[in-house]
Amino acid sequence: MMHSDQVHIDADIVREMIFDQFPEYRHERIVQLGAIGTVNAIFRIGSRVAARFPLRAMEPVECANMLRNEAAAMTEFAAHSPFACPRPIGIGQPGPLYPLPWAMQSWIEGDVATHDGLAASTTFALDIAKLIASLRAADTHGRRFDGQGRGGSLPDHDDWMSICFKNSEGLLDVSRLRRIWARLRELPPSGLDVMSHRDLIPANLLVRGDRLVGVLDSGSFGPADPALDLVAAWHLFDSSRREAVRSHLGSSQVEWQRGAAWAFQQAMGLVWYYRGTNPAMSALGRSTLSRIIDDLI
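Quick caveat, the model's predicted, so the values are computed rather than measured.

Caption draft 1: Expanded view of the overall build of the protein. Of the regular secondary structure elements, the protein holds nine helices and 10 strands. Relative to its length of 297 residues, the protein is compact, with a C-alpha radius of gyration of 19 Å against a globular reference of 19 Å. By its C-alpha atoms, the protein is 55 × 40 × 40 Å across when sized along the principal axes. In the protein, the proportion of contacts linking residues at least 24 apart, taken out of those at least 6 apart, comes to 75%. Here the protein has roughly 13,600 Å² of accessible surface; of this, 50% comes from carbon and sulfur atoms. In the protein, 30 side chains carry a positive charge and 34 a negative one; their mean positions are 3 Å apart.

Structure below.
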């Protein structure tokens, strides 16, 4: 298991819940996906639907509210994304063998991107830049960052970073990484909040060849630091392709460095936390940290 509070779910339980709550899909084949996602267990239902089951324990009412908010964000995201993305279908109820609400959504075809698979693709880099620019152009309708997760004040993450540094001893050059964070956390704001996907990691991007064809996990779409979605540049690309993203977006030096800071904050939590339970996610953290170090030297 990836989490100490992980909730059990498997294909047999999913089949029973689909049969009871979404009988129109009861004859469809159900397959659990071996993706590197860490928040939900994902099952493909036939050829056009996916079911997402939250993995970490929480209060059912809280979970239901979260799923409703995610569905609204997904719908808003779809209105602004130039690339395909899942649409909400419905919210399932807890059952005897799974204690939380869960979500049904449309299925998007494509291959999950990796941290090194298209690192030297200018075409893919410009697709990512096009996505970020399109999301930034969406109206915030007066909303501001909601204070949840990444996308607000960098120093707000100092406590978490201290935990990451402590748990990374023996895995990474922690002394060097502490010095880098001490610099990055002091960066000033780079502009007003803009609409952001808020988790542009490879696992949430679908490709075909060297083109972006789909964007997953858009349920956190909302206002945030304009630098936040720039994490994709460090998660995915070599230095030349990162520069192509920056040039297309016209990012200032401060905005660009804040993008590195958010990627650094995310990557520091991946290496140690998923070392034994999700090696692909841990490897993403190492790769991203290496690119940031190279960029800052």
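So, next bit.
Caption draft 2: Molecular detail of the sheet that holds strand E6 (residues 111–112). Spatially, the three strands line up as an open sheet ordered E6-E8-E9, and their pairing is antiparallel. Of all the strands in the sheet, just E6 and strand E9 (211–215) have a single pairing partner and so form its edges. Here helix H3 (residues 122–136) sits on the sheet and contacts strand E8 (205–208) and E9; the angle it forms with E9, its principal contact strand, is near 40 degrees.

Caption draft 3: Spatial organisation of the nonpolar core. One finds Phe124, Ile128, Leu131, Leu177, Leu205, Phe264 and Met268 to be the most contacted residues of the largest nonpolar core, which totals 59 residues. Counting residues per element, this core draws most heavily on helix H8 (residues 253–273), at 10 residues. Excluding residues that lie within four positions of it along the chain, Phe264 makes contacts with Met161, Phe165, Leu177, Ile180, Trp181, Leu184, Leu289 and Ile292. Counting residues in each nonpolar core, the second largest holds 23 residues, with Val14, Leu55, Ala103 and Met104 among its members.

Caption draft 4: The arrangement of the pairing of strand E5 (residues 102–106) in detail. Across the five residues that make up E5, a large majority, five, are buried. The side-chain alternation of E5 yields two buried faces, one formed by Trp102, Met104 and Ser106 and the other by Ala103 and Gln105. Two elements, strand E3 (residues 49–54) and E5, share four bridges in a ladder whose sense is antiparallel. Opposite Ala51, over in E5, you have Met104 as the bridge partner. As paired strands, strand E4 (residues 88–92) and E5 are joined by four bridges and run antiparallel to one another.

Caption draft 5: Main features of the sheet that holds E5. Here five strands make up an open sheet; going across it, the order is E1-E2-E3-E5-E4 and the pairing antiparallel. Looking at strand neighbours, the two that pair on one side only are strand E1 (30–32) and E4, the edges of this open sheet. Across the sheet, the mean angle separating the axes of adjacent strands is 25 degrees when strand polarity is ignored. Contacts from helix H2 (residues 60–80) reach E3, E4 and E5, with the element oriented near 180 degrees to E4.

Caption draft 6: Main features of helix H1 (residues 11–21). Every buried residue belonging to H1 is among Ile13, Val14, Met17 and Ile18, and all of these are buried. Angular distribution of buried residues about the axis of H1 spans 130 degrees; they occupy a single face of the element. Opposite its buried face, H1 presents the exposed residues Asp12, Phe19 and Asp20, each directed more than 90 degrees away. On its buried side, H1 packs onto E1, strand E2 (40–45), E3 and E5. Here H1 starts with a cap whose side-chain oxygen sits 3.1 Å from the backbone nitrogen of Asp12, and that cap is Asp10.

Caption draft 7: Region of the structure containing the pattern of salt bridges. What the rule picks out here adds up to 14 salt bridges. Note that Arg15 and Asp12 form a salt bridge whose closest N and O atoms lie 3.1 Å from each other. A residue pair is termed a helical-turn pair when its members lie 3 or 4 positions apart in one helix, as Arg15 and Asp12 do in helix H1 at three residues. The class of Arg15 is partly exposed, set by a relative accessible area of 38%. The class of Asp12 is exposed, set by a relative accessible area of 56%. A salt bridge links Arg185 to Asp158; its shortest N-O distance comes to 2.5 Å.

Caption draft 8: Spotlight on the pairing of E9. Buried residues dominate E9, accounting for four of its five residues. In this sheet, E9 lies alongside E8 in antiparallel orientation, the contact comprising four bridges. If you follow Val207 over to E9, its bridge partner there is Leu212. In this structure, the hairpin formed by E8 and E9 is closed by a connection of two residues, where Gly209 is found at a positive phi of approximately 65 degrees.

Caption draft 9: Representation of helix H9 (residues 279–296) within the structure. In a regular helix each residue adds 1.5 Å, so 18 residues correspond to 26 Å; H9 covers 26 Å between its end C-alpha atoms and thus fits that length. Of the residues making up H9, those classed as buried are Met281, Ser282, Leu284, Gly285, Ser287, Thr288, Leu289, Arg291, Ile292 and Ile293. In this structure, the buried side of H9 is in contact with helix H5 (174–184), helix H6 (231–236), helix H7 (239–249) and H8.

Rules behind the numbers
Residues numbered from 1 in each chain as written. Predicted model: local features only at pLDDT ≥ 70, side-chain atom pairs only at ≥ 80, totals over all residues. Heavy atoms only, no water. Helix = DSSP H or I, 4+ residues; strand = E, 2+ residues; numbered from the N terminus. Rg over C-alpha atoms; globule rule 2.2 N^0.38 Å. Contact = heavy atoms within 4.5 Å. Areas by Shrake-Rupley, 256 points an atom, 1.4 Å probe, with all protein chains shown as cover. Lys, Arg positive; Asp, Glu negative; His and termini not counted. Charge placed at Lys NZ, Arg CZ, Asp CG, Glu CD. Pairing = 2+ DSSP bridges. Axes fitted to C-alpha atoms, helices over the stretch in contact; angles between N-to-C directions. Core = buried A, V, L, I, M, F, W, Y, C linked by side-chain atoms within 4.5 Å. Buried < 20%, exposed > 50% of the residue type's maximum accessible area, 1.4 Å probe, protein only. Arc of directions from axis to C-beta. Polar contact = N/O pair within 3.5 Å; in protein donor to acceptor, adjacent residues only side chain to side chain. Salt bridge = Lys/Arg side-chain N within 4 Å of Asp/Glu carboxyl O. Expected span 1.5 Å × (residues − 1).

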